[in-house]
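Working through the structure, step by step
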Amino acid sequence: MKPAAFFRIIRPLNAVMAGFAGVLAFVIATGTLIPPVLIIFFMVFLITAAGNVINDYHDAEIDAINRPDRPIPAGEISRRTAFVYAVLLFLAANIIGFCFAPLPLVIIAVVNSVLLWGYASHLKVMPLLGNLAVSYLSASIFLFGGALLGWEGVIANLPVAGASFGVILARELIKDAEDMPGDQEQGARTLPILYGLRITVLVASAAAVIGVIISLLLYFRWGNFYLTGIVPVDLVILFGAFRALRCNTPDEIKKSKSSLLIKVGMFASLLIFLVSAVLFR
């Protein structure tokens with residue numbers, strides 16, 4: 001067992017970026033930045049790190065074939081040690097919450113911890129449910145950021161989380177459509193494999209439309225400046241989603257750059273949310 005494996009298995013860059021995303025979510029909820037946001041940073045960092053470790057624990061056999069360089073298949077850390085490590089990281093995050101955070105933040109932390117574990121152990125192989133779990137976990141960072149203010153902050157960021165959920169779900173489903181050939185070889189049970197490409201792309205497009213509609217509701221919070229910025233971004237997201245509707249094969253979807261366009265729109269919308277929150281708090 002190598003001490004460096006405890007650092008590598010948490011995927012530190014990924015965990016740090018998630019922590020900073022939680023801080024940005026607080027800024028979007030309030031338009032301000034205060035020292036207590038460190039609570040959000042460390043809780044999100046630890047929960048993300050724990051999720052990465054428990055994911056490697058459950059994927060050890062698959063990683064032995066596809067990712068033999070990962071710490072567990074490489075023999076740098078045992079599965080049992082990784083399991084205990086994940087439990088300790090989850091506990092550390094939630095103990096910080098119970099000691100220093102308001103109740104809404106504690107509730108979201110507990111729910112996300114359970115869901116991350118459930119995703120790693122069962123949900124990731126379930127069609128649509130796995131996509132929904134990933135989309136919620138990604139979008140819930142905005143709820144996490146707002147929850148430092150209590151329920152008022154959660155409510156303030158609900159439209160942002162809702163818009164993000166819809167767009168992330170659209171991208172998740174389109175990525176599954178792109179990955180059909182490889183997933184079929186591995187015996188995966190994704191939505192496009194079970195119900196077909198057309199159904200999957202239609203559901204993805206519907207999710208994108210719902211996300212865009214929710215994003216437009218934030219006009220009532222941030223006004224014309226926000227609307228001027230978000231409309232072009234929403235059009236990029238819809239263009240990306242609707243491009244996939246014209247495709248008949250996974251290869252055509254990949255060449256359409258549909259998922260890339262949606263991803264660009266996601267990051268651009270985050271910037272619009274952030275700037276609007278700071279200027280019109």
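Residues numbered from 1 in each chain as written. Predicted model: local features only at pLDDT ≥ 70, side-chain atom pairs only at ≥ 80, totals over all residues. Heavy atoms only, no water.

Moving on, we get to the overall build of the protein chain. If you tally the helices and strands in the protein chain, you get 14 helices and zero strands. Mapped in sequence order, the helices and strands of the protein chain form the string α-α-α-α-α-α-α-α-α-α-α-α-α-α. Against the globule reference of 19 Å for 281 residues, the protein chain gives a C-alpha radius of gyration of 19 Å, in line with a compact fold. Each principal axis of the C-alpha distribution contributes one length, and for the protein chain these read about 55 × 50 × 25 Å. Counting over 281 residues, the protein chain shows a buried share of 49%. Within the protein chain, contacts between residues separated by at least 24 positions form 74% of all contacts whose residues are at least 6 apart in sequence. (Helix = DSSP H or I, 4+ residues; strand = E, 2+ residues; numbered from the N terminus. Rg over C-alpha atoms; globule rule 2.2 N^0.38 Å. Buried < 20%, exposed > 50% of the residue type's maximum accessible area, 1.4 Å probe, protein only. Contact = heavy atoms within 4.5 Å.)

Taken as a whole, this structure holds six salt bridges when the rule is applied. For the salt bridge of Arg-11 with Asp-56, the shortest nitrogen-to-oxygen distance reads 2.5 Å. Of this pair, Arg-11 sits in the loop between helix H1 (3–8) and helix H2 (12–30) while Asp-56 is found in helix H3 (residues 37–58), placing the two residues 45 residues apart along the sequence. The closest approach of N and O atoms between Asp-56 and Arg-70, which form a salt bridge, is 2.6 Å. Of this pair, Asp-56 sits in helix H3 while Arg-70 sits in the loop between helix H4 (60–66) and helix H5 (79–100); the two residues are 14 residues apart in sequence, bridging distant segments of the chain. Judged by relative accessible area, Asp-56 falls into the buried class, the value being 1%. Through salt bridges that share partners, Arg-11, Asp-56 and Arg-70 make up one connected network. (Salt bridge = Lys/Arg side-chain N within 4 Å of Asp/Glu carboxyl O.)

Another aspect to go through is the side chain of Ser-113. On the secondary structure map, Ser-113 appears in helix H6 (residues 103–121). Look at Ser-113 and you get buried, because its relative accessible area is 8%. Separated by 2.8 Å, the side chain of Ser-113 and the backbone oxygen of Ala-109 make a polar contact. Excluding residues that lie within four positions of it along the chain, Ser-113 makes contacts with Ile-47, Phe-90 and Asn-94. (Polar contact = N/O pair within 3.5 Å; in protein donor to acceptor, adjacent residues only side chain to side chain.)

A few words now on a nonpolar patch on the surface. Residues Leu-103, Ile-107, Val-111, Trp-151, Ile-155 and Leu-158 make up a contiguous nonpolar surface patch of about 590 Å² in total accessible area. Here Trp-151 is to be found in helix H8 (residues 151–178). (Patch = residues over 30% accessible without salt bridge, like charges linked within 9 Å, V, L, I, M, F, W, Y side chains within 5 Å. Areas by Shrake-Rupley, 256 points an atom, 1.4 Å probe, with all protein chains shown as cover.)

Once that is clear, we can look at the environment of Gln-184. Mapping Gln-184 onto the fold places it in helix H9 (residues 180–185). You can call Gln-184 partly exposed: its relative accessible area is 47%. Note: C-alpha distance between Gln-184 and Ile-39 (145 residues apart in sequence) is 42 Å.

Grouped together as the largest cluster of nonpolar side chains are 78 residues, with contacts concentrated most on Leu-105 and Phe-144. No other element matches H3, which puts 14 residues into this core. Those residues within four positions of Phe-144 in sequence are excluded, and the remaining contacts are Ile-40, Met-43, Val-44, Ile-47, Leu-105, Ile-108, Ala-109 and Asn-112. (Core = buried A, V, L, I, M, F, W, Y, C linked by side-chain atoms within 4.5 Å.)

To continue, consider the environment of Leu-260. Among the secondary structure elements, Leu-260 is positioned in helix H14 (residues 258–279). Look at Leu-260 and you get partly exposed, because its relative accessible area is 47%. Each C-alpha atom of the pair Leu-260 and Ser-140 lies 22 Å from the other, and the pair is 120 residues apart in sequence.

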